[in-house]
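An overview of the molecular structure
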Amino acid sequence: VKLYTYMMAPSPRRVRVFAAEKGIEYEAVEINLRAGEQFSDSYELVNPDCVVPALETDDGEVITEVNAICAYLEELQPEPTLYGATPVERARALEWNAKVEQQGLLAMAEAFRNSVGGLKGRAVTGPVGYDQIPALAERGAKRVGVFLARLDERLADHEFLAGERYTVADIAALCFVDFAVRAGVASPEGHAHLVRWHDAVSARPSAGA
Ligand SMILES: N[C@@H](CCC(=O)N[C@@H](CS)C(=O)NCC(=O)O)C(=O)O
């Protein structure tokens, strides 16, 4: 399979970490978002939404959206499962994956895309231009801080977000936390449980994928 990705971006990193955990190999095709390659005619044919990641199967099917790609890879190679092993664990993995997306990654995108100079006129991903709204950046940064505290609370009595097993939810949260740190929006410091978890998930070889 071929994975359209960009080293610096959190969404394709979620798929790279997922694939690394399963030992799935792929051909990486780097789409340089800073250079605007997501808007090229050739990439628009791959993904009309002009975002990464996208996965192209050997049969020429293109799958977009992190969750769809990860679900596909899980079907292809169920072991080791990254969606939990029991009904409750599976529910918790999806539950926390959704919380991380809605309260973490989207808040972080709001903070980042509405403040960074290079994204003027591109506050929302995709081919249509949208103006930045500085108040959204401020609100997004506040929400990121609130959600880090929420993660800390959850991890106080759970080894991983879904329980005692590493899942997709941890991958989403790792990519969220590292993105927040790199963008200078927030940091796990001061949240002892979150730091403990972050050290553990960052030490897995997949974290460097
Ligand atoms: N909902 C999409 C989000 C993908 C997304 O937002 N990707 C970002 C990188 S993290 C992107 O490609 N941005 C292109 C741009 O900034 O123009 C998914 O889950 O795959």
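Quantities reported herein were computed from a predicted structural model and do not represent experimental measurements.

Let us now look at the overall build of the chain. Per the secondary structure count, the chain includes seven helices and four strands. Listing the helices and strands of the chain from first to last along the sequence gives β-α-β-α-β-β-α-α-α-α-α. Computed over its C-alpha atoms, the radius of gyration of the chain comes to 17 Å, within 12% of the 17 Å expected for a compact globule of 209 residues. Referenced to the eigenvectors of the C-alpha coordinate spread, the extents of the chain come out at roughly 50 × 45 × 25 Å. Here the chain, with 209 residues, has 45% of them falling under the buried criterion. Long-range pairs, those at least 24 residues apart, make up 65% of the contacts in the chain with a sequence separation of at least 6. Summing over all exposed atoms, the chain offers an accessible surface of approximately 10,400 Å²; the carbon and sulfur share of this is 53%. Distance between charge centres in the chain, computed from 21 positive and 31 negative side chains, equals 6 Å.

What follows concerns the nonpolar core. Residues Val100, Leu151, Phe176 and Trp197 are the most contacted members of the largest nonpolar core, which totals 45 residues. Contributing elements (two or more residues each) for this core: α1 (10-22), α3 (66-76), α4 (87-113), α5 (134-155), α6 (168-182) and α7 (192-202). Looking at which element gives the most residues to this core, the answer is α6, with 11 residues. With residues up to four places along the chain from it excluded, the contact list for Val100 reads Leu105, Phe147, Leu151, Leu161, Ala169, Ala172, Ala173 and Phe176. Core analysis: the next-biggest nonpolar cluster, separate from the first, contains eight residues, Tyr6, Ala9, Ile31 and Tyr43 among them.

The next point concerns the pairing of strand β1 (residues 2-5). In this structure, β1 lies alongside strand β2 (residues 27-30), joined through four bridges in parallel fashion. The residue of β2 that forms the bridge with Tyr4 is Val29. This β-α-β element, β1 to α1 to β2, shows right-handed connectivity. The pairing of β1 with strand β3 (residues 54-56) spans three bridges and is classified as antiparallel. Bridge pairing links Lys2 to Glu56 in β3.

In this section: α4. The terminal C-alpha atoms of α4 lie 37 Å apart, and with 27 residues this matches the ideal 39 Å at 1.5 Å per residue to within 8%. When the local axis directions of α4 are compared, the greatest deviation, roughly 35 degrees, occurs at Glu101.

Attention shifts here to the packing of aromatic side chains. Given two aromatic rings, one states the distance between the centres and the angle between the planes to describe the pair. Counted according to the given criterion, the structure contains five aromatic pairs. Just above the ring of Trp96 sits the side chain of Lys99; from NZ or CZ to the centre is 5.5 Å. A cation over a ring is seen here: Arg204 above Tyr166, with NZ or CZ 3.7 Å from the ring centre.

Our focus in this paragraph is the side chain of Asn47. In this structure, Asn47 sits in the loop between α2 (41-46) and β3. A relative accessible area of 2% places Asn47 in the buried class. Contact partners of Asn47, with chain neighbours within four places excluded, come to Pro53 and Thr64.

Around the ligand there are 15 residues in total, and Gln38, Val52, Glu65, Arg113 and Arg122 lie nearest to it. Measuring from an oxygen atom of the ligand, one finds a side-chain N or O atom of Arg113 at 2.8 Å. Interatomic distance of 2.8 Å between a side-chain N/O atom of Arg122 and an oxygen atom of the ligand. For the ligand, whose free accessible area comes to 510 Å², the fraction covered by protein is 81%. Among the residues making up the shell around the ligand, the classes are represented as nine nonpolar, three polar and three charged.

Under the counting rule described, the total for this entry stands at nine salt bridges. Across the salt bridge formed by Lys22 and Glu74, the nearest N and O atoms sit 2.8 Å from each other. Remark: Glu74 occurs in helix α3 and Lys22 occurs in helix α1; sequence separation between them is 52 residues. Glu74 gets classed as buried once you look at its relative accessible area, which sits at 9%. Among the ionic pairs, Arg150 bridges to Glu153, the shortest N-O distance being 3.8 Å. One end of the pair is Arg150 and the other is Glu153, both in helix α5 and three residues apart, which spans about a single turn. Residue class for Glu153 comes out exposed when judged on its relative accessible area of 53%. Connected via shared salt-bridge partners are Glu110, Arg139 and Arg143.

Criteria and cut-off values
- Residues numbered from 1 in each chain as written.
- Predicted model: local features only at pLDDT ≥ 70, side-chain atom pairs only at ≥ 80, totals over all residues.
- Heavy atoms only, no water.
- Helix = DSSP H or I, 4+ residues; strand = E, 2+ residues; numbered from the N terminus.
- Rg over C-alpha atoms; globule rule 2.2 N^0.38 Å.
- Buried < 20%, exposed > 50% of the residue type's maximum accessible area, 1.4 Å probe, protein only.
- Contact = heavy atoms within 4.5 Å.
- Areas by Shrake-Rupley, 256 points an atom, 1.4 Å probe, with all protein chains shown as cover.
- Lys, Arg positive; Asp, Glu negative; His and termini not counted.
- Charge placed at Lys NZ, Arg CZ, Asp CG, Glu CD.
- Core = buried A, V, L, I, M, F, W, Y, C linked by side-chain atoms within 4.5 Å.
- Pairing = 2+ DSSP bridges.
- Right-handed = clockwise from strand over helix to strand, strands pointing away.
- Expected span 1.5 Å × (residues − 1).
- Bend = angle between axes of the 7 residues up to and from the residue.
- Phe/Tyr/Trp six-rings, centres within 6.5 Å; stacked < 30°, edge-to-face > 60°.
- Lys NZ or Arg CZ within 6 Å of the ring centre and 35° of its normal.
- Near = heavy atom within 4 Å.
- Polar contact = N/O pair within 3.5 Å; in protein donor to acceptor, adjacent residues only side chain to side chain.
- Nonpolar A, V, L, I, M, F, W, Y, C, P; charged D, E, K, R; others polar.
- Salt bridge = Lys/Arg side-chain N within 4 Å of Asp/Glu carboxyl O.

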